[in-house]
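Now for the letters of each chain:
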Amino acid sequence: MSKNQLLSIILPIHNEEENIEPLYERLAKVCQKNQINYEIIFVNDGSNDQGLQRVLHLQKKDSRVKAIDFSRNFGHQIAISAGMEFAKGAAVLVMDADLQDPPEMIPKFVEKWKQGFDVVYAIRKNRKGSPLKRIMYKLYYRILNKLADLDMPLDSGDFRLFSRRAVDRIIQFGEKRRYLRGLSSLIGFDQIGIEYDRPQRRAGKTKYSYRKLFNLAWEGVTALSIKPLRVATYLGVTVAFIAVAYMIRVFYMRLFTDTYIPGWSSLMTVLLLLGSVQLICIGIIGEYIGRTAEEVRDRPLYIIRKIYEKES
Ligand code: UDP
Ligand code: MG
C-alpha cells in the first residue's frame, strides 16, 4: 500500500465498552508498525453503556477515530452497512469489536489486497465455543451453499477486507435485510480466504443468542435462495404420489376383499401430517412475502443520531 492510501476499519459496537480501549491499542500498534494509514469507524449500534464516550475519549487523542451514533439498535449487519457507506478508504476492513477478530491479521489482509484481490475473507480454522454451536455452524454453511446457487466460502464470517470497487458495488445492493457474507460473494471479482484461529470474545457477552443466530441463518437462506419455496411443490408432488398409491389400495380392498377397515388412526395421521405440511409451506411463502413487503416499504436502513468526526 502506498503510504497515502487509506484503510478504513469498521467496528460495529453494541455494549462493548470494556473492549474499546484494548482494541484500539492493538489496532493502532499494528497499523503503526506496518505503516498503514487508517481511519477507525466505530458504529455505535444503540449501546446502553459508556461505549460511545470511550470512543470519543480516544478521538481526542487520535483524530483518525470516528464514530457514527445510531438512534437505536439496528443490528450488526446494518451497522456494517452504515460504516461502509461512510468509509473513505481505498480499502475497507470489517471486524468485530470484541477482539475475536485479531487486529494482528490486518497486514495479511492488506498484503492480499495489494496483490489485487477485491475481497479477502478470514476463514475460521478452529472455532472455540460450545460444541453444539460449532456443529451447527459447519452444517449451516454447507446447507446454505447447496441452497444458494453460489460458491460461498465455508466457515467465514464478517471479518473481511474489501477493495474500493467491491465496497461500492456492495453499497449499491439496495436490499433492506442485509446479509453481508452473501452480498460479498454475489459481487464476484477476485476473492481469497486466509485462515485464522478464532479466540473467545475478550469481555462481555455475545450479542447473538441462539434465537438471533437462527434468525441470521434463516436470513442467509431466504436472502440468497428461493429454493425453500419449491419445497412446497416437491412436498405436494410426493404426497400426491403416496395418495394415489393409497387410493389404489383402498379401492382394491373395497372391491376384492371383505376386510373391514376402521381407519380412524390412519385418517388422523394423514390429516395431521397434511395440515402441518401445509402450515409450514404457508409459513415459508409468508416469509418471502414479508421480505417483499419490506422492500416495497423502502424505509431507511438506519437512522443516525450524530456523526463524530474531527477535521484532520
Ligand atoms: N453487534 C452490533 N449490533 C448488534 C449485535 C452485535 O453492532 O445488535 C456487534 C458487536 O458489538 C460485535 C459484533 O457485532 O462487535 C459481533 O457480535 P458478537 O461478538 O456478539 O457476535 P459473535 O462473535 O458471538 O458471533
Ligand atoms: Mg464476538
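The structure contained in this document is the topic of the report that follows. In this text the structure is predicted, and so the values were computed from the model without any measurement. (Residues numbered from 1 in each chain as written. Chains lettered and ligands numbered in written order. Predicted model: local features only at pLDDT ≥ 70, side-chain atom pairs only at ≥ 80, totals over all residues. Heavy atoms only, no water.)

Looking at the site of ligand 1
Note the following rule: Here, proximity means that at least one heavy atom of the residue falls within 4 Å of the molecule or strand. Definition of a polar contact: a pair of N or O atoms within 3.5 Å, with one able to donate and the other able to accept a hydrogen when the atoms are protein atoms, and with sequence-neighbouring residues admitted only if both atoms are side-chain atoms. Surface exposure here means Shrake-Rupley accessible area, sampled with a 1.4 Å probe, where a residue is shielded only by the protein chains that are shown. Here the nonpolar group is Ala, Val, Leu, Ile, Met, Phe, Trp, Tyr, Cys and Pro; Asp, Glu, Lys and Arg are the charged ones; every other residue, Gly included, is treated as polar.
Neighbouring ligand 1 are 18 residues, the closest being E16, D98, Q100, T206 and K207. D45 is positioned such that a nitrogen or oxygen atom in its side chain is 2.6 Å from a nitrogen atom of ligand 1. For ligand 1, whose unbound accessible area comes to 530 Å², protein coverage reaches 94%. Of the residues assigned to the shell around ligand 1, the class counts are 4 nonpolar, 6 polar and 8 charged.

Some thoughts on the pattern of salt bridges
Stated formally: Each salt bridge in this description consists of a side-chain nitrogen of Lys or Arg and a carboxyl oxygen of Asp or Glu lying within 4 Å of one another. Elements are defined by DSSP. Helices are runs of H or I of four residues or more, strands are runs of E of two residues or more, and each kind is numbered from the N terminus. Three labels apply to residues, based on accessible area from a 1.4 Å probe with only protein chains included: buried if under 20% of the type maximum, exposed if over 50%, partly exposed otherwise in between.
Here the structure, examined in full by the defined rule, presents 13 salt bridges. Residue D118 is joined to R165 by a salt bridge in which the shortest nitrogen-to-oxygen separation is 2.8 Å. Here R165 lies in helix α6 (residues 164–172) and D118 lies in the loop between α4 (106–114) and β5 (119–127), a separation of 47 residues in the sequence. Among the residues examined, D118 registers a relative accessible area of 4% and is labelled buried. Note on R165: relative accessible area 44%, which makes it partly exposed. The residue D168 makes a salt bridge to R164 at a minimum N-O spacing of 2.9 Å.

A short note on the pairing of strand β4 (residues 91–94)
As a reminder of what qualifies: Note on pairing: two strands pair once DSSP finds at least 2 bridges between them.
Neither face of β4 is left uncovered, since the one carrying A91 and L93 and the one carrying V92 and V94 both have all their residues buried. In this structure, strand β1 (residues 6–13) lies alongside β4, joined through 4 bridges in parallel fashion. Directly across from I9, in β4, lies its bridge partner L93. Of the strand pairs in this sheet, β4 and strand β6 (residues 156–163) are connected by 4 bridges, and their pairing is antiparallel. In the sheet register, L93 faces β6, and the bridge partner there is L161.

Observations regarding the nonpolar core
Short version of the rule: In this description, a nonpolar core means a group of buried Ala, Val, Leu, Ile, Met, Phe, Trp, Tyr and Cys residues linked to one another through side-chain atoms lying within 4.5 Å. Contacts are assigned to residue pairs with any non-hydrogen atoms lying within 4.5 Å of each other.
Ranked by size, the top nonpolar core spans 38 residues in total, and within it I9 and I106 carry the most contacts. Counting residues per element, this core draws most heavily on helix α1 (residues 17–33), which supplies 7 residues. Dropping the residues within four chain positions of it, I9 is found in contact with L27, C31, Y38, E39, I40, I41, L93, M95 and I106.

Quick word on the environment of I40
Mapped onto the secondary structure, I40 falls in strand β2 (residues 37–44). According to the relative accessible area criterion, I40 is buried, its value standing at 0%.

Re the coordination of the magnesium ion (ligand 2)
The following threshold applies: Counted as coordinating are nitrogen, oxygen and sulfur atoms within 2.8 Å of the metal, or 3.2 Å for Na, K and Ca, while water is not included, which may make sites look incomplete.
Distances from the magnesium ion (ligand 2) to its protein donors, D98 (OD) and Q100 (OE1), fall at 1.9 Å. What makes Q100 buried here is its relative accessible area of 15%.

Observations concerning the packing of helix α5 (residues 131–147) against helix α8 (residues 210–224)
The line we're drawing: Helix axes use the C-alpha atoms of the stretch in contact, all axes being lines fitted to C-alpha atoms, and the angles between their N-to-C directions lie in the range 0 to 180 degrees. An angle below 35 degrees is read as roughly parallel, one above 145 as roughly antiparallel, one from 65 to 115 as roughly perpendicular, and any other as oblique.
Contact geometry of α5 with α8 gives a least axis separation of 10 Å together with a crossing angle of 10°. Compared by their axis directions, α5 and α8 come out roughly parallel. Note on element contacts: α8 touches α5 through Y210, L213, L216, A217, G220, V221 and L224, opposite L132, K133, M136, Y137, Y140, L144 and L147. Looking at the contact of α5 with α8 residue by residue, the classes come out as 12 nonpolar, 1 polar and 1 charged.

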